[in-house]
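Topology and contacts: notes
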Amino acid sequence: MDGAWTLEPSEEICAPTRVEPTWTPERIECLTKLWDEGVTTAEIGRRIGVTKNAVIGKVHRIGLVPRVVTEKPEPRRNVFDFNGPVCMWPSGHPGDTDFHFCGGRPVAGKPYCTDHAAVAYVKPREPKPQAA
Ligand SMILES: [Zn+2]
């Protein structure tokens, strides 16, 4: 016994009349489906006909993936998210968690957008002939 149980003991077999006779395979399937759809635990309970706490308990027990309840961070602008050419101007440092490419629309023939092309292709300043 090293605690590596992957199968939970079946409640139906171990204690058929215990606390959760309501969790039929159909209801569990329903729970899983509603959970995936982002329905709240209270609403799932209402639809299935069990308490919210029963839903929460079951969700934990059958190991449903916890839903992201907080707002998702803005999807990072990544060059792979775009079709066609995008501005490859790096923002931040490679390896940083917030590193990304500009992703703007590049100037024709350049790998950068207008703004970044202006930065990337600064012409060496030519000394203007002084009008004497
Ligand atoms: Zn750019």
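Residues numbered from 1 in each chain as written. Predicted model: local features only at pLDDT ≥ 70, side-chain atom pairs only at ≥ 80, totals over all residues.

**Things to note about the overall build of the chain**
- Each helix and strand counted, the chain has five helices and two strands in total.
- Put simply, the chain has 132 residues, and 12% of those count as buried.
- If you take every contact in the chain between residues at least 6 apart in sequence, the share linking residues at least 24 apart comes to 26%. (Helix = DSSP H or I, 4+ residues; strand = E, 2+ residues; numbered from the N terminus. Buried ≥ 20, exposed ≤ 12 C-beta atoms within 10 Å, placed from the backbone. Contact = placed C-beta atoms within 7 Å.)

**Let's talk about the packing of helix H2 (residues 25–36) against helix H3 (residues 41–48)**
- The contact between H2 and H3 brings their axes to 10 Å, and the two run at 150°. Crossing handedness for the pair H2 and H3: right-handed. Of the residues in H3, those touching H2 at Arg27, Cys30, Leu31, Leu34 and Trp35 are Ile44, Arg47 and Ile48.
- The residue inventory of the contact of H2 with H3, partitioned by class, reads six nonpolar, no polar and two charged. (Axes fitted to C-alpha atoms, helices over the stretch in contact; angles between N-to-C directions. Left-handed = near helix turned anticlockwise from the far one by under 90°. Nonpolar A, V, L, I, M, F, W, Y, C, P; charged D, E, K, R; others polar.)

**Notes on the packing of H3 against helix H4 (residues 52–61)**
- With their axes 8 Å apart at the nearest point, H3 and H4 run at an angle of 105° to one another. What the angle tells us is that H3 and H4 run roughly perpendicular. Between H3, through Thr41, Ala42, Ile44 and Gly45, and H4, the contact on the second element is made entirely by Lys52, Ala54, Val55 and Ile56.
- Here the residues of the contact of H3 with H4 sort into five nonpolar, two polar and one charged. (Parallel < 35°, antiparallel > 145°, perpendicular 65-115°, else oblique.)

**Description of H2**
- End to end, H2 covers 16 Å across 12 residues, agreeing with the expected 16 Å (1.5 Å per residue, within 8%).
- Directly after H2, the chain includes Gly38, whose backbone phi takes a positive value near 85°. (Expected span 1.5 Å × (residues − 1).)

**Notes on the confidence of the model for the chain**
- Mean pLDDT over the chain: 77, with 68% of residues reaching 70 or higher.
- Within the chain, the element-level pLDDT minimum falls on helix H1 (residues 11–14), averaging 49, and the maximum on H3, averaging 93. (pLDDT = per-residue confidence, 0-100.)

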